[in-house]
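Spelled out from the first residue to the last, the chains are:
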Amino acid sequence: MPQILATADACIVGAGAAGCVLANRLSAEESRRVVLIEAGPDYGPVSPTTWPADLLDAADCATSHDWGYGVDTCARVVGGCSAHNGCLVIWGTPACYDAWAAATGDAAFGFAAMAPRLAAAQRQIRTRAFAPDEVGAFSRRALDGWAALGEPVLEDINAPDAPRGAGLIPVNRVGRTRWSAAAAYLDPARDRPNLTIIADALATRIVTRGGRAIGVDTDRGRVEAPLVVLTAGAYGTPALLLRSGIGPAADLAALGIPVVAANAEVGRGLEDHPARHVRLPLDDDLAADLAADDARGILTHVQALLKTPSFQLLPNTGWPSGGGHAISLIPVVLGAAMRGSVTLRSPDPTAPPVIRRAPTPADLVTLADGADAAYALAATITARRAVAADDVFTLYHPASTCRIGVVADTSGRVHGVEGIHVADASAMPMLPRANTHLSTLALAGLLAERILTI
C-alpha cells in the first residue's frame, strides 16, 4: 500500500495556469478539501526574496524550469508556463469561441459568454498597457513601418471588430515583474486551511476502482480523492490519462498498460501555431537605439503585433549567447491545419511523451505570406537586407489533446470513467487564433464553475 500523502474531496494535478485557477475556485468553498499537486518546486507567495529572478523578470521568456521535452518550453514549477512566458495578453477572435460553441453544442463556449470571462481573467492577471516611454526602438520602428505600409494602427489590438491591424500588446506585468497565475490566482488562496499544495511530486497515474477515480499516485505517495481534475497541460494531461489506462486500447495494450476506459482520441488532435524567424541585421542607428534601450532598462522582448485573419507578425528582440542584440520578425500561422499527437514511449512516468506534429503544405503557404509581410516591414526598419527565414518551429501553444466534445463532455468529464475532469488547454475544442494563456484562464474558470455544481 502506498504512503497516503493526503485525503481530499478534490485533487488537482498540475499547478500551471489552469491549475492555479482551479485551486482558487474550488477551495473558495470552505467545506471542500482541495489538494494541488505539482511536479516542480513551489517557491511560496510570489516574492523577489524567494522566487528565482528569471521567473519574475518579464524582460524575456524564462527556460530554467523546462520539462525537457525537446519541442517547447514547458515549465515544471508552480505557475507553469505562466511563470515562463512572454506575458502577452491576446484574445482570440469572436469566431474562435463561436467555433468552440458549435463544436460542443454549448453556447457558454461562444464569444458572447466567453468575453466577460476573458475580460475578468485579464484584470485578474493585472494586465496593463505599455507607457510611451517603455516602448523599445524596434517596436516603434515596426509600428511606424506598418503605418507607412497602410496597415491600420489599433489603439486596442484585441478589438473584436478589427480583424486586421497593428498595435502594442497588453501585458501581465507589474513593473518589470511577470504576474503569473501563481501570483494572480494561487497566492490569494494559499492561506485557506482547506487547500494543500504538494510540490515536487510527479503524478504517475490516476487510481481507479470500479470505473471511477479514487485518487492519484505520485512518486512521493498517494492522494486519495473521488474527484481528480487534470491541469497538467496539453502534453502532461493526455500522458497521465494514458499511463492510467485511459486512451486508445491498442496503444495501451502494446505498452502492457491495462485498459480502464478505451478512448481512441486521448492524445490525438494536437494543435499549435507554426512560426519562423526572419532575421534582421542591425544597422548602426538601430544598434545604437537598442543600446540606449538597454541603458534605460526597457523591456524590449516582444511589444507589438500585426494581426491578420491568417497570421500574426511579431517584432522580436533577443539576446544571443555571444552578446549584443539579435532581432527578428516572427510570422505565426493562425488557424493552422497542422495536427499531431501525444503518445507514450513507455509506461515509465519519468520518460517524456512522444510528441509528433508537422506543418501542412497549407501552413507553409501561410508562413510564406507572413514572411513576405516581414520582408516588406524589414525594408522600412533597417537599411540592411533581411536574411532568409529560419526553419519552422511552434510557438509554445499546444492545445486540444483531450478535447471537450470528443474526449470529455462540456463539464470536462472524461468519457468512460467517473470522477476525472480535464480543465486546461488540452480541453480546448480547437486552438484559438491567439496566444493561449488568457483563453486557458477563461476556460478553466468556466470549467471550475461546472465542477462546483457536481
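The rules behind the values
Residues numbered from 1 in each chain as written. Predicted model: local features only at pLDDT ≥ 70, side-chain atom pairs only at ≥ 80, totals over all residues. Heavy atoms only, no water. Salt bridge = Lys/Arg side-chain N within 4 Å of Asp/Glu carboxyl O. Buried < 20%, exposed > 50% of the residue type's maximum accessible area, 1.4 Å probe, protein only. Phe/Tyr/Trp six-rings, centres within 6.5 Å; stacked < 30°, edge-to-face > 60°. Lys NZ or Arg CZ within 6 Å of the ring centre and 35° of its normal. Axes fitted to C-alpha atoms, helices over the stretch in contact; angles between N-to-C directions. Helix = DSSP H or I, 4+ residues; strand = E, 2+ residues; numbered from the N terminus. Parallel < 35°, antiparallel > 145°, perpendicular 65-115°, else oblique. Left-handed = near helix turned anticlockwise from the far one by under 90°. Contact = heavy atoms within 4.5 Å. Nonpolar A, V, L, I, M, F, W, Y, C, P; charged D, E, K, R; others polar. Pairing = 2+ DSSP bridges. Core = buried A, V, L, I, M, F, W, Y, C linked by side-chain atoms within 4.5 Å.

Asker: Which residues make up the pattern of salt bridges, and what values do they have?
Answerer: All told, the structure shown has 20 salt bridges when counted by the stated rule. The partner of arginine 32 in a salt bridge is glutamate 29, and the shortest N-O contact between them spans 3.5 Å. The exposure class of arginine 32 is buried, given its relative accessible area of 9%. Note that aspartate 187 is salt-bridged to arginine 190, the shortest N-O span being 2.8 Å. The class for arginine 190 is buried, based on a relative accessible area of 16%.

Asker: Could you give an account of the packing of aromatic side chains, with specific residues and numbers?
Answerer: Taken as a whole, this structure holds six aromatic pairs when the rule is applied. What links up through ring pairs into an aromatic cluster is the set Trp91, Tyr97, Trp100 and Phe111. Over the ring of tryptophan 67 we find arginine 76; its NZ or CZ atom is 4.4 Å from the centre of that ring. When the ring centre of tryptophan 179 is taken as reference, the NZ or CZ atom of arginine 126 above it lies at 4.8 Å.

Asker: I'd love a proper account of the packing of helix α3 (residues 94–104) against helix α4 (residues 111–124), names of residues and values included.
Answerer: Interhelical geometry of α3 versus α4 gives an angle of 120 degrees and a closest axis separation of 8 Å. The orientation of α3 with respect to α4, classified from their angle, is oblique. The way α3 lies across α4 gives a crossing that is right-handed. When α3 is examined against α4, the residues Pro94, Tyr97, Asp98 and Trp100 are found in contact with a partner set consisting of Phe111, Met114 and Leu118. For the contact of α3 with α4, a count of residues per class yields six nonpolar, no polar and one charged.

Asker: Requested: an account of the sheet that holds strand β2 (residues 10–13), with residues and values cited.
Answerer: Taken in spatial order, the five strands make up an open sheet running β7-β3-β2-β11-β23, and their pairing is parallel. Each edge of the sheet is formed by a strand with only one pairing partner; in this case those strands are β7 (195–198) and β23 (420–422). The average angle at which neighbouring strand axes cross in this sheet is 20 degrees, direction not considered. The pairing of β2 with strand β11 (residues 228–230) spans three bridges and is classified as parallel.

Asker: Which residues make up unusual backbone geometry, and what values go with them?
Answerer: Its identity is not glycine, yet tyrosine 396 carries a phi of approximately 65 degrees, on the positive side. Mapping tyrosine 396 onto the fold places it in the loop between β22 (393–394) and β23. Under the relative-accessibility criterion, tyrosine 396 is labelled partly exposed at 43%. Its identity is not glycine, yet serine 400 carries a phi of approximately 75 degrees, on the positive side. Locating serine 400 in the fold gives a position in the loop between β22 and β23. On the basis of relative accessibility, which here comes to 0%, the residue serine 400 falls in the buried class.

Asker: Give a description of the nonpolar core that names residues and reports values.
Answerer: What tends to happen in soluble globular proteins is that the nonpolar side chains get buried as a cluster. Residues Leu22, Tyr185, Leu230, Leu241 and Ile420 are the most contacted members of the largest nonpolar core, which totals 94 residues. Element by element, the count of residues in this core is highest for helix α11 (residues 437–452), at nine residues. If near-sequence neighbours (up to four positions away) are discounted, leucine 241 is found in contact with Ile206, Leu230, Ile246, Val266, Cys402, Ile420 and Val422. Ranked by size, the runner-up nonpolar core spans 23 residues in total, among them Leu143, Ala304, Leu329 and Ala378.

Asker: Before we move on, could you go through the pairing of strand β9 (residues 212–218) and cite the residues and values that matter?
Answerer: Regular strands have side chains that alternate between both faces of the sheet. Extensive coverage of β9 is indicated by the burial of five of its seven residues. Two elements, strand β8 (residues 203–209) and β9, share six bridges in a ladder whose sense is antiparallel. Along β9, the bridge assignment pairs alanine 203 with threonine 218. What sits between the antiparallel neighbours β8 and β9 is a turn of two residues, in which glycine 210 has the positive phi angle 60 degrees. Here β9 runs beside strand β10 (residues 221–224); their pairing, made up of four bridges, is antiparallel. By the bridge assignment for β10, valine 216 is matched with valine 223.

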